[in-house]
Amino acid sequence: MVLLSSNKKLLILLLLASSPRLFARKWRDTGGTIVLEEAWTIPELVDQVGNTTAAFGGTNAELRANLLDVHNQRLQGMDASNIDFMVLSCSTPCIQGIADPVAAAEMAVTVNDRLAAVIANNTERFGGFASLAMHNATVAALELERAIKQLGFLGMAFFSMTISNLDLMAASESFLLHSTYSLTVFSKYDVFWQKLSDLDVPLYLHPRNDVDPIVKFQYAHAPFLEGPAQEYAAVLSNHILGICVNGVFDRFPKAQLIAGHFGERIPSDLIRIDTQLLRQIVLGLPMKKNITTYFRENIFETSSGNFATNLLNFHIGEIGLDRIMYSIDYPYVAISDGTAWVNTLPNILGKQNFNSFARQLAIEILRLND
């Protein structure tokens with residue numbers, strides 16, 4: 001009897017998977033907005049949200065109901081706010097919260113198939129970002145290709161880091177280097193980055209809570225800073241910068257990344273970051289450009305959960321309006337909050353620039369009209 005390794009089993013699973021398909025795209029194009037950091041989940045993963053609440057002043061029960069819903073209160077909110085099209089992705093940490101490589105890869109297939117099925121009857125209003133298990137770069141690349149070519153998805157979402165079984169036992173001083181998978185590992189994920197580039201789709205990089213030893217070490221004195229107030233930006237900005245300094249965009253110049261929450265604060269601090277990284281060149285810094293250039297060539301940002309007009313204007317000056325898109329972060333942020341803000345922008349940005357921010361750039365990045 002020939003026994004197959006776990007990795008071979010996963011490859012066969014992906015190659016044989018039969019799934020609902022989304023065919024030629026026809027989407028509602030009435031001049032409304034497009035949003036693309038909007039969360040959804042399946043019943044098997046809804047407990048990942050813990051005791052988080054829905055938007056400001058909402059309840060945990062409301063959050064869970066809104067994450068599981070697509071065609072009821074979510075669609076009603078879109079209609080009321082003139083949102084033409086919404087891209088759904090699995091809520092954080094999704095697959096990145098599953099330590100076992102086989103279980104994670106199988107759940108990724110399940111999540112992607114379920115998302116394709118749930119939006120199949122209304123692809124005029126909804127699209128999807130694929131969820132991937134990143135323990136094995138080849139497995140991830142194959143599932144990404146299946147999600148794009150068979151399911152009609154528009155890109156992928158990744159939640160900052162993947163835990164491994166070692167994380168559950170690792171000492172706090174070693175797990176980041178040895179047992180937590182992130183996309184910054186030099187060459188380890190090149191097969192994945194190549195596939196992402198070949199498919200010409202974006203990677204939406206989204207934060208998640210750090211692993212427990214770091215959370216306890218950094219936030220025990222102030223647990224109120226866990227999550228969106230501080231922790232998310234710290235975790236994801238480190239990951240984004242790690243991708244840059246390790247030369248990923250130099251090896252894969254076609255790779256496109258999207259970061260929410262106005263770029264996790266990085267574009268607000270580009271001069272200091274670029275200046276200080278110059279000191280690292282003599283120490284073997286792999287990247288060939290600076291962070292500002294990568295934000296102008298490889299990294300887009302959205303306004304998800306960060307409706308600050310002054311910040312938008314500052315970032316336009318730093319990286320250009322052609323790198324910035326509108327999003328909401330529903331259901332963690334109310335659709336009405338985003339709408340109230342975005343409706344103030346036409347008089348501030350002007351008609352053409354507002355159109356670029358609210359919809360046109362997303363149309364191009366997501367290739368909705370291809």
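Coordinates for the structure precede this section.
Considering the overall build of the protein chain
Stage number 1. When you go through the protein chain residue by residue, the secondary structure sums to 17 helices and 10 strands.
Stage number 2. Counting over 370 residues, the protein chain shows a buried share of 55%.
Stage number 3. Long-range contacts, defined as pairs at least 24 residues apart, comprise 79% of the intrachain contacts of the protein chain with a sequence gap of at least 6.
Stage number 4. Taken as a whole, the protein chain presents about 16200 Å² of accessible surface, with 55% of it coming from carbon and sulfur.

Some details on the pattern of salt bridges
Think of it this way: side chains of opposite charge can pair up when their charged atoms draw near.
Stage number 1. This model, assessed by the stated rule, comprises 14 salt bridges.
Stage number 2. The salt bridge involving Asp79 is made with Arg125; its shortest N-O contact spans 2.8 Å. Within this pair, whereas Asp79 is found in helix α3 (residues 73–80), its partner Arg125 is found in the loop between α4 (101–119) and β3 (126–131), the two being separated by 46 residues in sequence.
Stage number 3. A relative accessible area of 43% places Asp79 in the partly exposed class.
Stage number 4. Between Lys289 and Glu297 there is a salt bridge whose closest N-O contact spans 2.8 Å.
Stage number 5. Look at Lys289 and you get partly exposed, because its relative accessible area is 37%.
Stage number 6. We classify Glu297 as partly exposed; its relative accessible area is 38%.
Stage number 7. Connected via shared salt-bridge partners are Arg28, Asp29, Asp84 and Arg359.

Comments concerning the pairing of β3
Stage number 1. Across the six residues that make up β3, a large majority, six, are buried.
Stage number 2. Where β3 meets strand β4 (residues 155–158), three bridges bridge the pair, whose relative direction is parallel. Counted as the bridge partner of Ala130 is Met156 from β4.

Description of the state of the cysteines
Stage number 1. The full count for this structure, using the stated rule, is one disulfide.
Stage number 2. Covalent S-S linkage joins Cys90 and Cys94, the inter-sulfur distance amounting to 2.2 Å. Here Cys90 and Cys94 share a disulfide; its torsion about the S-S bond, 100 degrees, makes the bridge right-handed.
Stage number 3. Cys90 gets classed as buried once you look at its relative accessible area, which sits at 2%.
Stage number 4. Given the relative accessible area of 1%, Cys94 is considered buried.

Observations concerning helix α2 (residues 60–68)
Stage number 1. Of all the positions in α2, only Leu63, Asn66 and Leu67 are classed as buried. Looking straight down α2, one finds that the buried residues subtend no more than 100 degrees of arc, so they occupy a single side.
Stage number 2. Tucked inside the fold, the buried residues of α2 contact β1 (33–40) and α3.

Rules behind the numbers
- Residues numbered from 1 in each chain as written.
- Predicted model: local features only at pLDDT ≥ 70, side-chain atom pairs only at ≥ 80, totals over all residues.
- Heavy atoms only, no water.
- Helix = DSSP H or I, 4+ residues; strand = E, 2+ residues; numbered from the N terminus.
- Buried < 20%, exposed > 50% of the residue type's maximum accessible area, 1.4 Å probe, protein only.
- Contact = heavy atoms within 4.5 Å.
- Areas by Shrake-Rupley, 256 points an atom, 1.4 Å probe, with all protein chains shown as cover.
- Salt bridge = Lys/Arg side-chain N within 4 Å of Asp/Glu carboxyl O.
- Pairing = 2+ DSSP bridges.
- Disulfide = S-S within 2.5 Å.
- Arc of directions from axis to C-beta.

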